[in-house]
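Spelled out from the first residue to the last, the chains are:
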Amino acid sequence: MEKIARLLKEKITGPVKTGEPLSRHTSFGIGGPADLFVEPQTVDELAAVVSVLRRENLPSFLLGNGTNLLVSDAGYRGAVIRLGGEFREFYYRDQTLVSGAAVSLAVLARDACRQGYANLEFATGIPGTLGGALFMNAGAHGHSIGEFVLETTLLDREGRIHNLGPEEMGFSYRGSRIPTGMVICSAKLSLLPGKAEEIEEKCRKYFEFRAIRQPRLPNAGSIFKNPPGDAAGRLLEAAGLKGLRIGGAMISQQHANFIVNCGGATARDVLALIAVARQAVREKSGVELELEIKVFGE
Ligand SMILES: Cc1cc2nc3c(=O)[nH]c(=O)nc-3n(C[C@H](O)[C@H](O)[C@H](O)COP(=O)(O)OP(=O)(O)OC[C@H]3O[C@@H](n4cnc5c(N)ncnc54)[C@H](O)[C@@H]3O)c2cc1C
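Conventions we followed
Residues numbered from 1 in each chain as written. Predicted model: local features only at pLDDT ≥ 70, side-chain atom pairs only at ≥ 80, totals over all residues. Heavy atoms only, no water. Helix = DSSP H or I, 4+ residues; strand = E, 2+ residues; numbered from the N terminus. Rg over C-alpha atoms; globule rule 2.2 N^0.38 Å. Buried < 20%, exposed > 50% of the residue type's maximum accessible area, 1.4 Å probe, protein only. Contact = heavy atoms within 4.5 Å. Areas by Shrake-Rupley, 256 points an atom, 1.4 Å probe, with all protein chains shown as cover. Near = heavy atom within 4 Å. Polar contact = N/O pair within 3.5 Å; in protein donor to acceptor, adjacent residues only side chain to side chain. Nonpolar A, V, L, I, M, F, W, Y, C, P; charged D, E, K, R; others polar. Domains from an automatic or database assignment. Buried area = accessible area lost by both parts, 1.4 Å probe. Salt bridge = Lys/Arg side-chain N within 4 Å of Asp/Glu carboxyl O. Pairing = 2+ DSSP bridges. Axes fitted to C-alpha atoms, helices over the stretch in contact; angles between N-to-C directions. Expected span 1.5 Å × (residues − 1). Core = buried A, V, L, I, M, F, W, Y, C linked by side-chain atoms within 4.5 Å.

**Looking at the overall build of the protein**
When you go through the protein residue by residue, the secondary structure sums to eight helices and 18 strands. Radius of gyration (C-alpha) of the protein: 20 Å, near the 19 Å computed for a compact globule of 298 residues. For the protein, the C-alpha atoms occupy an extent of roughly 55 × 50 × 30 Å along the three principal directions. Classification of the 298 residues of the protein by burial places 50% in the buried group. When contacts within the protein are restricted to residue pairs at least 6 apart in sequence, those whose partners lie at least 24 apart make up 64%. For the protein, the exposed surface amounts to about 13,900 Å²; the carbon and sulfur share of it is 50%.

Next comes the structure, spelled out in structure tokens:
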């Protein structure tokens, strides 16, 4: 691993670390070490990283803000790539927001609101990056990010750039059809001019809604997708799961579709709770809950 780290340090200006604890990079605060952790600052640096990892036959995982992830306690035997530098920049061109994939979606929503642009109010308080939001087709309050995408720029494993329109991204409920190994570098989002006070009022309402409904302890957002015509939170609550605890992980008292880290929770604790919750809902309501969070690592 040291040899690959040295090779990467010659190619990029961003950090290259070995044995980086992923618990530092997930909103759950859970996750063992990544063999390699690299932060390319430009598209050229990203292409160089991808090329070295391909040559060395090392698997890689693209990390956003880690707000929808459960990383295993043993960590990851490969390279975790997190985008820095120019991927954290954004600007407006007329009614289009052009943003790097590492910009926080909540920051984009707040800034567009300040500029008097409508469309992104739904994203107020969603804590992921734009890249993670596009991969997951993040949404709330009846809207999701895919609706506002004009174009996305991605880099493939061979270092080639692709510009994809929304149809090619294959957005669906909390998902997209981005081929494995492709990295979202940036996107263009369509905005609409609106009345500043109305937009601000909407953002304020959405923010308060979150503050009341969502737990404060470390979590990874909704654990399960909502099944058609129902809410996972309602089914979990009906199965009497609120407050159920295994090790340091607990099904939130506030919202049953959130698992919180009460302190010292492990991925094993969370996975055990997930298994119990699924079984209880299956027995009570006959519904098979599907995971929304992504689980990765050993
Ligand atoms: C308190 C809280 C509230 C939340 N509320 C909501 C909500 O209202 N609605 C909602 O939809 N989600 C919500 N989430 C979940 C999460 O914020 C979103 O899914 C978010 O879009 C994930 O972004 P991320 O950058 O954290 O991605 P990560 O969790 O880091 O990664 C998620 C997936 O995206 C992939 N990915 C990330 N960046 C890229 C990239 N540049 N290129 C290719 N693949 C990439 C990763 O490989 C991974 O498979 C919430 C989470 C928390 C903790």
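**A few points about the site of the ligand**
Around the ligand, a shell composed of 34 residues is seen, among which Leu-62, Thr-67, Thr-129, Gly-139 and Arg-210 lie nearest. Here Gly-66 contributes a backbone N or O atom positioned 2.8 Å from an oxygen atom of the ligand. Of all the secondary structure elements, the ones that give two or more residues to the shell around the ligand are strand 3 (60–63), helix 4 (130–136), strand 9 (139–140) and strand 13 (183–190). Classifying every residue of the shell around the ligand gives 17 nonpolar, 14 polar and three charged. Built from parts of two domains, the shell around the ligand gets at least three residues from each of domain 1 (2–82) and domain 2 (87–213).

**Some points on the domain arrangement of the protein**
Along its sequence, the protein is carved into domain 1 (2–82), domain 2 (87–213) and domain 3 (232–296). Residue-level contacts link seven residues of domain 2 with four residues of domain 3. Broken down residue by residue, the surface that domain 2 buries against domain 3 is led by Met-136, Arg-174 and Arg-213, which jointly contribute 77%. Viewed at the interface, domain 3 and domain 2 are joined by one salt bridge.

**As for the pairing of strand 12 (residues 161–164)**
Sheet analysis places strand 11 (residues 149–155) next to strand 12, joined by four bridges and oriented antiparallel. Across the sheet, the residue bridging to Thr-153 is Asn-163, located in strand 12.

**Considerations on the sheet that holds strand 7 (residues 96–100)**
If you walk across this open sheet you meet the five strands as 6-7-13-11-12, and the pairing is antiparallel. In this open sheet, the two edge strands, each paired with only one partner strand, are strand 6 (90–93) and strand 12. Neighbour to neighbour, the strand axes of the sheet diverge by 15 degrees on average, direction disregarded. Sheet topology note: the strand 7/strand 13 ladder contains five bridges and is antiparallel. Looking at strand 13, one finds that Thr-96 is bridged to Ser-190. Across the sheet, helix 2 (residues 43–55) touches strand 11, strand 12 and strand 13, and the angle it forms with strand 11 is around 45 degrees. Its contacts with the sheet place helix 3 (residues 105–114) against strand 6 and strand 7, and it is angled at close to 40 degrees to strand 6.

**Thoughts on unusual backbone geometry**
One non-glycine residue, Asp-94, adopts positive backbone phi at about 50 degrees. You can see Asp-94 is positioned in the loop between strand 6 and strand 7. Judged by relative accessible area, Asp-94 falls into the exposed class, the value being 66%. Residues other than glycine seldom take positive phi values, yet His-141 does so here, at roughly 55 degrees. With respect to the element layout, His-141 can be found in the loop between strand 9 and strand 10 (143–144).

**Concerning the sheet that holds strand 16 (residues 249–251)**
The three strands lie next to each other as 15-16-17, forming an open sheet whose pairing is antiparallel. Every other strand in the sheet has two partners, leaving strand 15 (245–246) and strand 17 (259–261) as the edge strands with one partner each. Packed on one face of the sheet, helix 8 (residues 267–285) meets strand 15, strand 16 and strand 17 and runs near 30 degrees to strand 16.

**Remarks on helix 2**
An ideal rise of 1.5 Å per residue puts 18 Å on 13 residues; helix 2 measures up with 18 Å between its terminal C-alpha atoms. Buried residues belonging to helix 2 abut helix 1 (2–11), strand 2 (33–38), strand 3, strand 5 (76–82), strand 11 and strand 13.

**Description of the side chain of Asn-137**
Of note, Asn-137 is situated in the loop between helix 4 and strand 9. Owing to a relative accessible area of 5%, Asn-137 belongs among the buried residues under this scheme. There is a polar contact of 2.9 Å between the side chain of Asn-137 and the backbone nitrogen of Gly-146. A distance of 2.8 Å separates the side chain of Asn-137 from the backbone oxygen of Ser-172, its partner in a polar contact. When neighbours within four sequence positions are excluded, Asn-137 is seen to be in contact with Ser-144, Ile-145, Gly-146, Phe-171, Ser-172, Arg-174 and Gly-175.

**Topic: the nonpolar core**
Counting 50 residues, the largest nonpolar core has Leu-8, Leu-36, Leu-46, Leu-53, Leu-120 and Ile-145 as its most contacted members. Those elements giving two or more residues to this core turn out to be helix 1, strand 2, helix 2, strand 5, helix 3, helix 4, strand 11 and strand 13. Residues lining this core come from more than one domain, with at least three contributed by each of domain 1 (2–82) and domain 2 (87–213). Those residues in contact with Ile-145 that lie beyond four places of it in its chain are Leu-105, Leu-120, Phe-122, Leu-130, Ala-133, Leu-134, Asn-137, Ala-138 and Leu-189. Within the second largest apolar cluster, 24 residues are counted, among which are Phe-28, Ile-30, Ala-265 and Ala-267.

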